[in-house]
Every structure is written in structure tokens, then in C-alpha cells.
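Tertiary structure, described
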Amino acid sequence: MTQICTTCPYCGVGCGIKADVVGDREVVIKGDADHPANFGRLCSKGTHLAETVSLEGRLLHPEIGAEQVEWDEALNLVATRFADTVREHGPDSVAFYVSGQLLTEDYYVANKLMKGFIGSGNIDTNSRLCMASAVAAHNRAFGEDVVPCSYDDLEAADLILLVGSNTAWCHPVIWQRIEKARSERGTKLVVIDPRLTETAERADLHLPICPDGDVALFNALLAEMMTRGALDEGYLRDHVDAPDQFWNGLEGDAEAAGIDPALLDQLADLVVAHPKMVTLFSQGANQSVNGTDKGNAIINLHLATGRIGKPGAGPFSITGQPNAMGGREVGGLASMLAVHMGFSDAECDAAQAFWNSPTIARQPGRKAVDMFRDVHEGRIKAIWVMATNPAVSMPDAGFVREALDRCDFVVVSDVISETDTTAYADVKLPALAWGEKDGTVTNSERVISRQRPLFAAPGEAKADWWIIQEVARRMGFGDSFMFDSPAAIFREYAAQTGYRNDGKRKLNLSEWAKTTDAEFDSWTPKIWGGISPYADGKFSTTNARARLTAVTPIALPAADLSFPLRLNTGRYRDQWHTMTRTGLSPRLSQHRREPLAEIHPQDALERGIDDGSLARITTPQGDSIFRVQTTEAQRRGEIFVPMHWTDQMSNGGRANQLPDQTVDPVSGQPAYKNSLCNIEAVQPEWHAFLVSNKRPALPPLLYWASTRIAGGWLTEMSGQGNIELEALLPEGDRVEAVDMKRGMRRIAVRDQEDKLAAALFLTRKGQLPSRDWIAGQLVSEEQADAPSLLAARPKIAGPDKGAIVCICFNVGVKQIITAIADQSLTSLDDIGTALSAGTNCGSCRPTLSKLLNDTPQPELEAAE
């Protein structure tokens, strides 16, 4: 076996992986115990990466108009169309929309081509959707987009505030590090989130603020610190500037934040008592019409109390993608030029001189929402989408689809052939996937790690940097795009960070500008800026002082009788973005098999909506159908839905069709977390599910959702009128049961080897059986008899596991509850010993903790 050290391709934690390649597209995945981000830990997604490296659905050859072509033909067409468009309509008539899935070297070449050689700022990234507000807040406060903390600070802190972060689900390895700190040093945990998430359930204090109540809360908290004499006057004097009247203008109180004043008092008590405090914030804060102000309200608190640049203290923006930071560093956002430089004349001159380029972008380009608006209106006539799926992920996604459909020329570089975005491509270019890529990524704490190839490039797939470079050469810029390896690109990028820097920017990698190919190949994780970049109290502003920023709570929109509720979108624990990778994994698909609309039971009752039924959510932008989950974890008047589902996996659950195009005025980041909406019950005439070893071709239906299972697919369906069931089933030996009174029909199909090929269950009045046993028959070595297949259960039933909680060891909720009660289990370690649950990736540990708390222990008789 060949063991290769690489980095996980999911969130911004940047976990190290040791991969043992054991066959053709087969790999054994383990955490890298030597990597400083995770020390061997992995979450569920990282643990099960081996299930996602097949060539299923891969784009393996260039295509023009759905016809396979040679690379030269595709590249020549892309270069010609972009060059002609620039010549006829100017440089701002073209755009690149790129991704935090790209490696730093890919990002660098794309940014160099667009800004230095095409001469436009029109390159933006899907990081605009998740981290742009944090970038803007850093720039306002520090003069540079620098994360002032490291993961070590979490373990040195006595108090951790989590703001808009379901850390246990979205950054599980960070959650495990927080758990460890709480266990070993008694660190207190506060969660500030409208929802009672699994993260919030484990907190010492949960503040269920109203949507966008963060600024009011942090302003009120800062004012309370001033009242209690808890400001660091010396730090303020020596290192911080404040605008006039800042201390007299701290608007906000508990009522404006949507919480009981007693909760604010409890928070203030904790903050005063624990100076070693880290505030970790994420999408819940950033994805807002005032996301930048939220970031600055958090930073204000840390600056004013001197809780920055010290072990265990600081405001910590946790990123969502594996290389969102690398993209921010090279300049992949339209709002920055390159290597943390803006668009001043001196900075533009420096970039142009370094690149020796014929032109330079001298103003910011169009940020993501505005970029697609310009595409829609015809100002941008050619767009190249790389490693992302904006037809799903952008807000008001229906508008984005219209824009792509209208665009004169759409190029998509991707690893998957059929996505919601490639459907609009004039040219599709096959890129390398994780396990094939070669380069670097930067994680949330500024650690640069290597992604290394595990497999040879499949088909004709190429590295993104190579594709971009070949287009640049064909546009006439060949002399400046002569890279022969990722190492060569890294050297140039590192050199640019130091060019005319003179200490003005913390981002300075020039010490690595002469990295040899061999050193690059053997690169071990390295942090830039040090563990604490502002430990010296010198910031990146012109006077080296940080800046307090006056921020004001926003007024909530007026009540709208047509849309009286508020919609919040977010992530599931075991899925990622638009599921092009995680959707391939049967294990990861178990956690949530359908897109669920989570709503408070009282809100559902008032609208005649039952738990487990279907409902339609409507906003002014559109509507979509979801399965309903009633839960008191939701505040009244608010609904939560997941962002992951696409046309490839469902005709419902289309979360990002629903938010509008409202953005933060500073960062341009969309406001996904607080959309006006309504919800109504949907009443299908029938419900059905299909278990099949091949993905079925479905007719038009009211609702369907497909998910991967071991050996095939599980498809949930609901509809009106009649459905031709025969068309959904393969040929083979059929057995069937019909109950006309209940409108029930059940069909099982065996293949030539007498194995289950498909089973379909439909009812118009009754209940459908459990899916788990019948789904397992697709891979079962034992052949069930016909009555069992039609009953969807064995003749002699074993114990019902319940919904799977631990996907690593296939442990269900009923197993866990029974073990807790019968064996008097009292800790996570007890559960691990008894059932193995929670002992591998650890992603289920918050659920296990909740089950421990909620399951009553048997009362023991007192000893005589």
C-alpha cells in the first residue's frame, strides 16, 4: 500500500488525511495524527471520502454543445470567444465565477489572467456567499483580511462564544476540540443562534436571538462591559482608534436582540468572569444584510476589552470551504486585487509591475449577485464557471438560471458531467477532482497544507490551472503563463506576497518563494502570520492601530400578511454544498434522506400541516416543496431548510430559489438567513417509495427525492392522479400484492440471479412500511421470500434499530436508548464501549449526548 498525506476537501477546518491507495480508485482513509488542524480526527464526511472517489457521473472529456471534442478545439473556442468579446465590448463584458474548491495555484492563475491580462476585476468566488462579510469586517477593523486567531486559542480559552455556527454539524472536528477543552479545563460555552441546534443543546448558555439580532446583542454587551468597568483602557489607548461619539452611540438591547434581559445579564457575567475568550462566528452571522456589521460588532467587543493577540482570546471567523482562505489570499474576490492588495494606484502599479502585464484592473469587479445580474441583463456576455454550481447555490437561483440561459457564451469547468449548471454550458471542460489534484490549500487558521494526488488523472481531465493557462496562451499571453507545475505557480504567488510589501501586509510568504520542487513535494503544514498575527499590537492600517467601527442594528422588515414567516437556510451534518460528492455516499445519505422543512409544532398546527407530510414554502421569488419536520428547536414564526438539494436529486427542496437578491451593502454577501416566506400544506393523492439497484427514470411528479443507499437508490414519490408503475420497474420475475380498499399496491422484482432488483410500495390511504429492511435486500446475501419482500420485513423480525445515528457503525436511535436504559450507561465513553457509536468520526456525539440527557435512568432500590 502507498500512504499519501493530503488534506480533506470539505470545510475550512483543513483536516489532514493519510490515504492508503489499495486498488484502482480504492482508498482507505484515516486522519493524519501529525496534522495541526485535526491531530488524527475526522468528521463523518472526511471519514467516508472513500465512498466518493469512483468515476460515477464524471466529466472525462471536453464537450462543445454536448458533443465530445479534442482539447485543442475546446480551448481554442474558449480563448477566441473571450478574446472577441473583450475586443468588441470591453474587458468588463467577461467574467470568471470560481470556487473555494479550487487550489491556491488554480486561483492564482485565474486571478492573474482576469485582472492583469484581460484587465477586469470580474472574477468572484462562491466564497462571496459564505465569508465575504468576515473579510470586509477584518479590513475595516485591522486594515487587512487577517484571521487573528488559531485553533490553539480554542483550547486555551476559558469562554467560547459560538455565533451563528452549528459547529457540531458544520465543523465537527473543531467541535471535538471544543469538547476536549471543556472536558479538560472546564471551558464555558455560549451559543448565540435562533435555533436550538445540536450545538446549542450542549451549551452552558443558549441565547435564541431573533434573526439579525446579533448587532443589537453585541452592542448591548459592549455597553454593559463599559458600565461594569470591564474595558481595557490601556489597550484602547495604545492600539485602537474609535470614531467620534462611538461610546455614546451603542444602540441595542436585549429586546432588540429578541431575548430575555436575564439572558443578556448571564452572558455579561460570563464575559466579565472569563477574560480568555474566543468568539467563533460563521455563516449565521455572515449571510445577512448586515453581516459585515455583525463581524465588526464582535471585533469591537474584543478590541475594547483587549481580548485579541493573546493566547485563548480573539474574534475567530471560521471558513466554510477547504480553500476559501487561499482564494482570499491570492485575490480571488472581485473586491480585492491580489495578495491582500486593494485598488489604490500604488497597489495597481505594484501588481502590474510584478506581473509585467499589459493592463491591470483598476477598480473592483462585480460581486457574485451583481455579476449574475449583469449576465441576465446582457452586460456580461461570456462567463466561465469553475468548480461550483451557481444554478443551485446562488440566491434567487431561478433568476441565475435565466441569466445563464440568456448568456451568449457559458463555459463550465467541473468534475461532474450533469449538474444544474452544466445544463447551461456551451462548453464543458473536465477538471481534476479531489484525489487527483496537486497543490495547496489554506485553512481557517492560515495553515497552508498540501493536497496530493492519489490516483492518475482519469480520461482527459486536467488541472484547473492548466486549463486556464492554456486559454491564456491562446489569447496571446503565453510569455506570462509558462508554468510547468503547481510548485512553479506557488513560487510566483509567494514572491508576489512580498513584492513592495515593506511590512504593510501580514500576508507575506516570500520566505517560501524559492521553494524547490522537492521541498514542495514534501511540504508539511505551515502557518503564515504566526500563531497570533497581532500579538505585537501592530495592525495593518496606515497608523498600525486597529479601528472600532460604529454599527447600528437594522430594523426588521414590516409584517407582510402574504409572507408572515421567516426562512433560514443552512447545512446538514453529512452533506456538502450541492451533493455532487457526498450524494455518492450511501453512508452519508442516511443522516437526512430528504430535504426537511423544520417548523415549530404550533406554527404547523395553525396551518393544518402534519409532521412528516409535505408542504410548500413560498417567497416572492418562488416556491418549493419539502418534507415537514415539526420541532420545538425552531422559534415560533421561523422555518429552517437545507441548501443541498438539486435537480439531480429531487424536484423539491430547492432552498436557494427562495431568498431574494438582497446583499450586505459593504461585502456584497447575500442574506440567506432571513427571508420573508409562507408555508402551506400539500395534499397528494398518493405516496410511494421505490428501492432499486439502478436509478429510475421518473415521470413528472408532484414531489420526488432520490438518495443513495447501499447497492442502489431509494426514491420517495408523491403525486396526483394515476401513475404508470410499470415504467418505473425493471424487467424480471415479479411478485405483487394489491389492496383496492386502501389503494395499496406493492411490487417486487427479482433479477436473473434471484436477487432483488427493485421494490415499489404505493398507498392512497394507508401508511407505507419502513424502508430500511427492504433497502438492505439489495445487498443481502440471503434471499428473502416473496411474502417478506411484499411486507418489507422479515418473517422473524429482529430488533428495530430505529433511525441511524452513528453512520460509521450503523447504530440506530432505538438501540442506543435501549442500551442506555438496560445497561445504565451514563457517559459517551459508556456508549462507545457498549455499541462503538461515537468512537470513530465523532460526528454523532452531540446526538448521543442528547439521548443520554433525555433517556431516563432506571431507579435503583436503596440498599437495606
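Please refer to the structure placed before this passage.
Residues numbered from 1 in each chain as written. Predicted model: local features only at pLDDT ≥ 70, side-chain atom pairs only at ≥ 80, totals over all residues. Heavy atoms only, no water.

Here's the deal with helix α26 (residues 813–823)
Residues spaced three or four apart along an α-helix face the same direction, because each turn holds 3.6 residues. For α26, the set of buried residues is Ile816, Ala819 and Ile820. End-on view of α26: buried residues confined to an arc of 100 degrees, all on one side of the axis. Where α26 is buried, its residues meet β33 (804–806), β34 (811–812), α27 (828–835) and α28 (845–854). Where α26 ends, the next residue or the one after it, Ser824, has phi of about 55 degrees, a positive value. (Buried < 20%, exposed > 50% of the residue type's maximum accessible area, 1.4 Å probe, protein only. Helix = DSSP H or I, 4+ residues; strand = E, 2+ residues; numbered from the N terminus. Arc of directions from axis to C-beta. Contact = heavy atoms within 4.5 Å.)

A look at the pattern of salt bridges
Enumeration according to the criterion identifies 62 salt bridges in this entry. For Glu598, the salt bridge goes to Arg195, with nearest N and O atoms at 3.3 Å. Remark: Arg195 occurs in the loop between β9 (188–192) and α8 (198–201) and Glu598 occurs in strand β22 (residues 596–599); sequence separation between them is 403 residues. Just as Glu598 is buried, Arg195 falls in that class too. We note a salt bridge from Arg366 to Asp374, for which the minimum N-O separation is 2.9 Å. What makes Arg366 partly exposed here is its relative accessible area of 32%. Its relative accessible area of 6% is what places Asp374 among the buried residues. Where salt bridges share partners, they join Asp72, Glu470, Arg473 and Arg474 into one cluster. (Salt bridge = Lys/Arg side-chain N within 4 Å of Asp/Glu carboxyl O.)

Examining the nonpolar core
Counting residues in each nonpolar core, the largest one holds 119 residues, and the members touching the most others are Phe82, Phe96, Leu207, Leu217, Phe218, Leu303 and Trp384. Residues within four places of Phe218 in sequence aside, it is in contact with Leu161, Val163, Ile192, Thr279, Ala297, Ile298 and Leu301. One finds Ala37, Leu49, Trp175 and Phe316 within the second-largest nonpolar core, a separate group that totals 49 residues. (Core = buried A, V, L, I, M, F, W, Y, C linked by side-chain atoms within 4.5 Å.)

Remarks on the pairing of strand β18 (residues 447–451)
For a regular strand, the rule is simple: side chains alternate between the two faces of the sheet. Among the five residues that make up β18, five are buried, leaving the element largely enclosed by the rest of the structure. The side-chain alternation of β18 yields two buried faces, one formed by Val447, Ser449 and Gln451 and the other by Ile448 and Arg450. Taken together, the four bridges between strand β17 (residues 439–442) and β18 define a ladder with antiparallel strand orientation. Note that in β18 the partner of Gly439 across the bridge is Gln451. Counting the residues between successive antiparallel strands, the hairpin from β17 to β18 contains four residues, one of them, Arg446, with a positive phi of roughly 75 degrees. (Pairing = 2+ DSSP bridges.)

Considering the packing of aromatic side chains
Within a pair of aromatic rings, the relevant descriptors are the distance that separates the centres and the angle that separates the planes. What the rule picks out here adds up to 23 aromatic pairs. With 5.7 Å between their ring centres and 20 degrees between their planes, Phe142 and Phe539 make a pair best called stacked. Placement of Phe142 in helix α4 (residues 132–142) and of Phe539 in the loop between β19 (526–527) and β20 (546–547) is noted, with a sequence separation of 397 residues between them. In this structure, Phe142 and Phe539 share a single accessibility class: buried. For the ring pair Trp512 and Trp523, a centre distance of 5.3 Å and an interplane angle of 80 degrees mean the geometry is edge-to-face. Note that Trp512 is positioned in the loop between α21 (486–498) and α22 (517–521) and Trp523 in the loop between α22 and β19, a separation of eleven residues in sequence. The same class applies to Trp512 and to Trp523, which are both buried. Taken together, the aromatic side chains of Tyr108, Phe490, Tyr493, Trp512, Phe520 and Trp523 make up a single cluster linked through ring pairs. The ring of Phe640 is capped by Arg195, whose NZ or CZ atom sits 3.5 Å from the centre of that ring. Across from the ring centre of Trp713, 4.4 Å away, lies the NZ or CZ of Arg695, which sits over that ring. (Phe/Tyr/Trp six-rings, centres within 6.5 Å; stacked < 30°, edge-to-face > 60°. Lys NZ or Arg CZ within 6 Å of the ring centre and 35° of its normal.)

Any functional reading would require information that these geometric values do not contain.
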